[in-house]
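# Inside the fold
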Amino acid sequence: MCGIVACVGREDSLEIILDGLKKLEYRGYDSAGVAIFSDDKVKVVKTRGKIANLRKKVAEQPLSGNCGIGHTRWATHGSPSTLNAHPHQYEQVTIVHNGIIENYAKIKANLEEQGNKFVSETDSEILAHLVQANLLQGKTPVQSLQNSLALLEGTWAVALLIEEQPHKIWCALNQSPLVLGKGRNGTYASSDLTAVLPYTREMIFPEDGDICELSSDSIKIIDKDGNQAERAPQIIDWNPVVAEKAGFKHFMLKEIHEQPRSVTDTFRGKIDRENFTVKLPELDLDFSSIGNIYLVACGTSYYAALIGKFLIERLARIPVYTDIGSEFRYRQPLIKQGDLLVSISQSGETADTLAAVKEAQKRGAKAVSISNVLNSQIPRISQFQLYTHAGPEIGVASTKAFTAQITALLLFALKLAQNRGTLQRKFREELIQEILALPSLMHQVVSHASHLNVIARRYGNARDFLYIGRGINYPIALEGALKMKEISYIHAEGYPAGEMKHGPIALIEDGLPTVVIATKNDLYEKIVSNLVEVKSRGGQIIAIASQGDDQIGEIANDLFLLPPTHYLLEPLLTVLPMQLLAYYMAVHKGTDVDQPRNLAKSVTVE
Ligand code: M6R
């Protein structure tokens, strides 16, 4: 999983590429490189580490020219090193690649037998050799790419320069993202449109198998059958400044604060405020004949799936199975024709979720994708698309995408319930009123962020955290623990509170911080009993409770109070202090909050 930026035009491309790569660092950041046509030669500069290192290196080895390609890498084949960094160059050909070439070892061995020498351990370098061999046989660049890619198994988005053909870039894709842009000063290619949004809003989404030829004022696309293809441009209305930090210290903090807006954007236009109904025209399904529903996702998106199960079963009374993406296809699932697989993926690229969708489709089920990235892989192969509108999420730790996913699942559950007649109008009306009021409550909660900062300071030396919740807030306990682990590197466990006495209570010892979600709902008395069990064994209680609760302050060591909302909407509020607590713990520890170690934003490998 890597990021690609390419551009050819009337301006110097180096700055455009470096700036674009910086925006794509969330895709991987262990090494980076750039190749620019300079005096009709392709010059490459690459280095280990982040884009800041690459900037330093190009300052020492100046480059300039109007046509170039760049790459930020997350290692899959070969260690993160300068030699393994892209671009890879072989004679006339220079390439950058995002994806995995599964059969590279065999091809590499064949090429080595023919005398080719490789300088990196990567799978990607073979493509430069294959294209070069075709060019030598007199093939055109498009034919050379077609012939070379036909030998490969796996996934790729590639951008390529050929030294004999200055001022042109060729790109190709297969199950890896690539977007093209056509602007006034040139044409662009990137793994994600945020990298080229400052230069154009006119985007083209090529299809798998397409080969694209970019010159300074045109984009030509040849489809997988070798025919010239027209791919209609789409105008993207995202503002480039939404992808900036807007004054916050980290993208994660900015994204936490954006949640009232992203939740609103996700339900915008989908609620009929007069009839208190939900409109989802994009889901043109026969809701009355759906068999079982499977919700499949990974990581934080899986916790959204657990909440989705709760909502769908409660509102629409249909059984729902939840599966982790990486498990689904290996357990011979019983999913069949008539069933529905709903995948949840912020990036729309997660390999395990993608494979689950394909498995379900193979078994005859239809697929709905809930995703945040327009035209990404999973929505593309799904029959139905329900987009969240969180905007670009740059922080590796998912925050606003999660609450947008819960919102989309809530709309989906309500739509199902509506069509199946499982809800009284009065109840629907009450719930929809509460949904409409929710963004302002979320705003109230995040505006008290500094209180979580104070609490985080108090537990600055903790080595472990326990999170407990019940009912619809149990997945929030899991999410709270995941957030703590991934950005502060502090060990944390999430449990359903009722499970404590079946084992985890043995962990409780003097001073262990335990975060308890104890909002005033039907399970309140039960969770207070669980909390007392922890407290009496020496645990330190951080309670997330409801405003007006006079009882809990006497037991808890620290308290964060939330405004009241409908029980089914509580996760959209209870998760906010979880995100903020993890954030401030990480800041106090001085970790790299937006790009935590060993992680990448999109996990496009199994
Ligand atoms: O893009 P996706 O929603 O499919 O990603 C799934 C997980 O990789 C992701 O949620 C991950 O767990 C995040 N780092 C959590 O903060």
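Going by the structure above, here's the rest.
Every value quoted in this text rests on a predicted model; they were computed, and no experiment measured them.

### Digging into the sheet that holds strand β27 (residues 558–562)
Pairing is parallel in the open sheet, where five strands are placed in the order β24-β23-β25-β26-β27. For this open sheet the edge positions go to β24 (491–496) and β27, each flanked by a neighbour on one side alone. Neighbour-to-neighbour, the strand axes of this sheet turn through a mean angle of 15°, independent of strand direction. Strand direction decides the pairing type here: strand β23 (residues 464–469) and β24, joined by six bridges, are parallel. What sits directly across from Ile 468, in β24, is Tyr 495. Those strands touched by helix α15 (residues 474–488) are β23, β24 and β25 (513–518), and its axis lies near 175° from that of β24.

### Points about the sheet that holds strand β12 (residues 211–215)
Ordered in space as β5-β6-β7-β8-β12-β13-β14, the seven strands form an open sheet in which the pairing is antiparallel. Across the chains shown, the open sheet's two edge strands, defined by having one partner strand only, are β5 (88–90) and β14 (228–229). Sheet analysis places strand β13 (residues 218–222) next to β14, joined by two bridges and oriented antiparallel. Residue Ile 221 lies in a different strand from β14, and its bridge partner there is Ala 229. On the sheet, helix α4 (residues 125–136) packs against β5, β6 (93–101) and β7 (154–162) and is oriented at approximately 130° with respect to β6. Packed on one face of the sheet, helix α5 (residues 141–150) meets β7, β8 (169–174), β12 and β13 and runs near 150° to β12.

### Things to note about unusual backbone geometry
Between His 86 and the following residue, Pro 87, the backbone shows a cis peptide bond with an omega angle of 0°. Locating Pro 87 in the fold gives a position in the loop between β4 (67–73) and β5. Despite not being glycine, Asp 39 has its phi angle at roughly 50°, a positive value. For Asp 39, the position within the fold is in the loop between β2 (31–38) and β3 (41–48). A positive phi angle, close to 50°, is found at Glu 91, a residue other than glycine. With respect to the element layout, Glu 91 can be found in the loop between β5 and β6.

Analysis parameters
Residues numbered from 1 in each chain as written. Predicted model: local features only at pLDDT ≥ 70, side-chain atom pairs only at ≥ 80, totals over all residues. Heavy atoms only, no water. Pairing = 2+ DSSP bridges. Helix = DSSP H or I, 4+ residues; strand = E, 2+ residues; numbered from the N terminus. Axes fitted to C-alpha atoms, helices over the stretch in contact; angles between N-to-C directions. Contact = heavy atoms within 4.5 Å.

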